[in-house]
Amino acid sequence: MRKIGLTTTVPVEVIYAAGDRPVDLNNIFITSPEAMRRLEEAELAGFPRNVCGWIKGLYSTALQNPEIQHIVAVTQGDCSNTHALMETWEVEGIEIIPFAFPYDRDPDMLRLQMDKLINVLGTNWEDVQVQKKRLDQVRALAWEIDRLTWEENKVSGFENHLYLVSCSDFNGDPEGFAREMEEFIQKAVAREPFSERSRPGTRRKKREIRLGYIGVPPIFPELYDFLEDHGARVVFNEVQRQFAMPFKTDDIVEQYRLYTYPYKVFLRLEDIAREAELRHLDGIIHYTQSFCYRQIEDQIIRKRLDFPILTLEGENPTGLDARNKMRLESFLSMIGD
């Protein structure tokens, strides 16, 4: 069984159908206690300081895991810096398998890309469809965790983030990941709802502020605990939820057409607006990664969404700095008032 590295979510059904194990390099990087060291290693190797922290982290993380000798890298529909990242990995002897999400969501082009991936990894469409049915059963558990977050208020923002973001590779063990989620769901169902818990140090209970988090997953996950310490909770993680493919379709090509992240921002905005109404959001945090082209999309998001929006920028996995904490506190105070 080969370990196949990923730079972002791709049709993992193909990798599992080939008998291989997908490994999302983002998840390894950000959960490592030496995440900041990975960035420093990339800069020592020659990466400029003004390059996205995720790109630098992915570069070093792959080299720190020599068992990963093949990486599926997304050349369209994700970070434009991935192109140069692929070349630096090739210099180190890692085999790169390119995959592109067509900008216009053309189903024929998407099928062609999936067909190429199937041929490279040595599998077939029949086995891929078998894996889709297998993984959809696991995804259904992630959907239930998401529902428990916003509808029953029994799951924290970070817990929601953790289980949804892990659907990019299912931790390399779909059945094991499913058991872990089943155990978590049993515990969560028995909890008292967050909205009914009294807050330490307060004399009377305040209504919880319900937030949406949009944009790429944060490079400082402690954001969620900080918000909950200040009377707010994220009940909608946009991109993480998309990793769990929250739509029912038997057509795997259509599944990856409905997946909003790689395509135009307007498709994402439709999904965000719909979920914001459904989940009764009070405000939205738009996270942007430093030096990322997606920062430009912030102006479109502000024009199209009729919600209070705080744009939060992150660069390195060093935690929330004082400035961002102050801005978050002011934003929550404004919504509370």
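What counts, and at which threshold
- Residues numbered from 1 in each chain as written.
- Predicted model: local features only at pLDDT ≥ 70, side-chain atom pairs only at ≥ 80, totals over all residues.
- Heavy atoms only, no water.
- UniProt positions renumbered as here; feature names shortened; annotations may be inferred.
- Helix = DSSP H or I, 4+ residues; strand = E, 2+ residues; numbered from the N terminus.
- Polar contact = N/O pair within 3.5 Å; in protein donor to acceptor, adjacent residues only side chain to side chain.
- Contact = heavy atoms within 4.5 Å.
- Pairing = 2+ DSSP bridges.
- Axes fitted to C-alpha atoms, helices over the stretch in contact; angles between N-to-C directions.
- Buried < 20%, exposed > 50% of the residue type's maximum accessible area, 1.4 Å probe, protein only.
- Phe/Tyr/Trp six-rings, centres within 6.5 Å; stacked < 30°, edge-to-face > 60°.
- Lys NZ or Arg CZ within 6 Å of the ring centre and 35° of its normal.
- Core = buried A, V, L, I, M, F, W, Y, C linked by side-chain atoms within 4.5 Å.
- Salt bridge = Lys/Arg side-chain N within 4 Å of Asp/Glu carboxyl O.
- Expected span 1.5 Å × (residues − 1).

Going by an unreviewed UniProt entry, the protein chain carries the name Benzoyl-CoA reductase/2-hydroxyglutaryl-CoA dehydratase subunit, BcrC/BadD/HgdB and comes from Desulfosporosinus youngiae DSM 17734. As recorded by UniProt, the Cofactor (unreviewed entry) comment attached to the protein chain reads in full: "[4Fe-4S] cluster". According to the UniProt record, the Sequence similarities (unreviewed entry) comment for the protein chain reads "Belongs to the FldB/FldC dehydratase alpha/beta subunit family."

Asks: Explain the side chain of Thr123 to me, please; I cannot follow it from the model alone.
Replies: When you line up the elements, Thr123 lands in the loop between helix 6 (107-121) and helix 7 (125-150). A polar atom in the side chain of Thr123 sits 3.4 Å from the backbone oxygen of Ala17. In this view, Thr123 contacts Val14, Ala17, Ala18, Ile118 and Val128; residues no more than four positions away in its chain are not counted.

Asks: Explain the sheet that holds strand 4 (residues 95-100) here, please?
Replies: Strand pairing in a sheet relies on backbone hydrogen bonds, with the paired strands running either antiparallel or parallel. Read across the open sheet, the four strands follow the order 2-1-3-4; overall the sheet is parallel. Here the strands that pair on one side only, and so sit at the sheet edges, are strand 2 (21-24) and strand 4. Sheet twist, expressed as the average angle between the axes of neighbouring strands with direction ignored, equals 30 degrees. Alignment of strand 1 (residues 3-6) against strand 3 (residues 68-76), held across four bridges, turns out to be parallel. Residue pairing in the sheet places Lys3 in a bridge with Ile68 of strand 3. Contacting strand 3 and strand 4, helix 5 (residues 82-91) runs over the sheet at an angle of about 160 degrees to strand 3.

Asks: For this particular structure, what's the right way to read the side chain of Thr61?
Replies: Relative to the helices and strands, Thr61 resides in helix 4 (residues 53-63). On the basis of relative accessible area, Thr61 is assigned to the buried category, the value being 2%. Setting aside chain neighbours within four positions, we find Thr61 in contact with Leu25, Ile28, Phe29 and Arg38.

Asks: Please explain the packing of aromatic side chains as it appears in this structure.
Replies: Geometrically, a pair of aromatic rings is defined through the distance of the ring centres and the angle of the planes. Summed over all chains, the structure comprises 14 aromatic pairs. Both rings, one in Phe47 and one in Tyr59, keep their centres 4.7 Å apart while their planes meet at 45 degrees; by these two values the pair is tilted. On the criterion of sequence distance, the pair formed by Phe47 in the loop between helix 3 (35-44) and helix 4 and Tyr59 in helix 4 is long-range, its members being 12 residues apart. Given a relative accessible area of 7%, Tyr59 falls into the buried group. Arranged with centres 6.0 Å apart and planes meeting at 45 degrees, the rings of Tyr213 and Tyr224 form a pair that is tilted. Remark: Tyr224 occurs in helix 10 (residues 223-229) and Tyr213 occurs in strand 5 (residues 209-214); sequence separation between them is 11 residues. Of the two residues, Tyr213 and Tyr224, neither departs from the other in class, the shared state being buried. Within the aromatic cluster, the residues linked to one another by ring pairs are Phe99, Phe101, Phe243, Tyr256, Tyr259 and Tyr263. The cationic tip of Arg111 hangs over the ring face of Trp125; the distance from NZ or CZ to the ring centre is 4.9 Å.

Asks: Just to check I follow, could you spell out the nonpolar core for this structure?
Replies: The tendency in soluble globular proteins is for nonpolar side chains to be buried side by side. Core analysis: the biggest nonpolar cluster contains 94 residues, and Val72, Trp89, Leu211, Leu227 and Leu328 have the highest contact counts within it. For this core, the element with the most residues is helix 7, which contributes seven residues. With sequence-adjacent residues up to four places away left out, Leu227 is seen in contact with Leu211, Ala232, Val234, Ile285, Leu328 and Leu332. Judged by nonpolar contacts, the second largest core, of 14 residues, contains Phe236, Ala276, Leu281 and Phe307.

Asks: Just checking my understanding: could you explain the pattern of salt bridges for this structure?
Replies: Side chains that carry opposite charge are capable of pairing whenever their charged atoms lie near each other. Scanning all chains against the criterion turns up 29 salt bridges. Lys132 is the partner of Asp136 in a salt bridge, and the nearest nitrogen-oxygen pair spans 2.7 Å. Of this pair, Asp136 and Lys132 both sit in helix 7, separated by four residues, roughly a single helical turn. Connected through shared salt-bridge partners, Asp146, Arg241, Asp271, Arg274, Glu275 and Arg279 make up one network.

Asks: Just checking my understanding: could you explain helix 13 (residues 265-278) for this structure?
Replies: Given 3.6 residues to a turn, an α-helix orients residues that are three or four positions apart in the same direction. When the terminal C-alpha atoms of helix 13 are compared, their 20 Å separation across 14 residues agrees well with the 20 Å that a helix rising 1.5 Å per residue should span. Against the buried residues of helix 13 lie strand 5, strand 6 (232-237), helix 11 (238-243), helix 12 (252-258), strand 7 (283-289) and helix 14 (298-304). One or two residues past the end of helix 13 sits His280, with phi positive at roughly 55 degrees.

Asks: What is the right way to look at the environment of Tyr256 in this model?
Replies: One can find Tyr256 in helix 12. Assessed through its relative accessible area of 0%, Tyr256 is described here as buried. C-alpha separation for the pair Tyr256 and Leu227, spaced 29 residues apart in sequence, amounts to 32 Å. Sequence-distant contacts of Tyr256, that is, excluding residues within four places in its chain, are made with Val10, Pro11, Val12, Glu13, Phe101, Leu110, Arg139, Met245 and Tyr263. A polar side-chain atom of Tyr256 sits 3.5 Å from the main-chain carbonyl oxygen of Val10.

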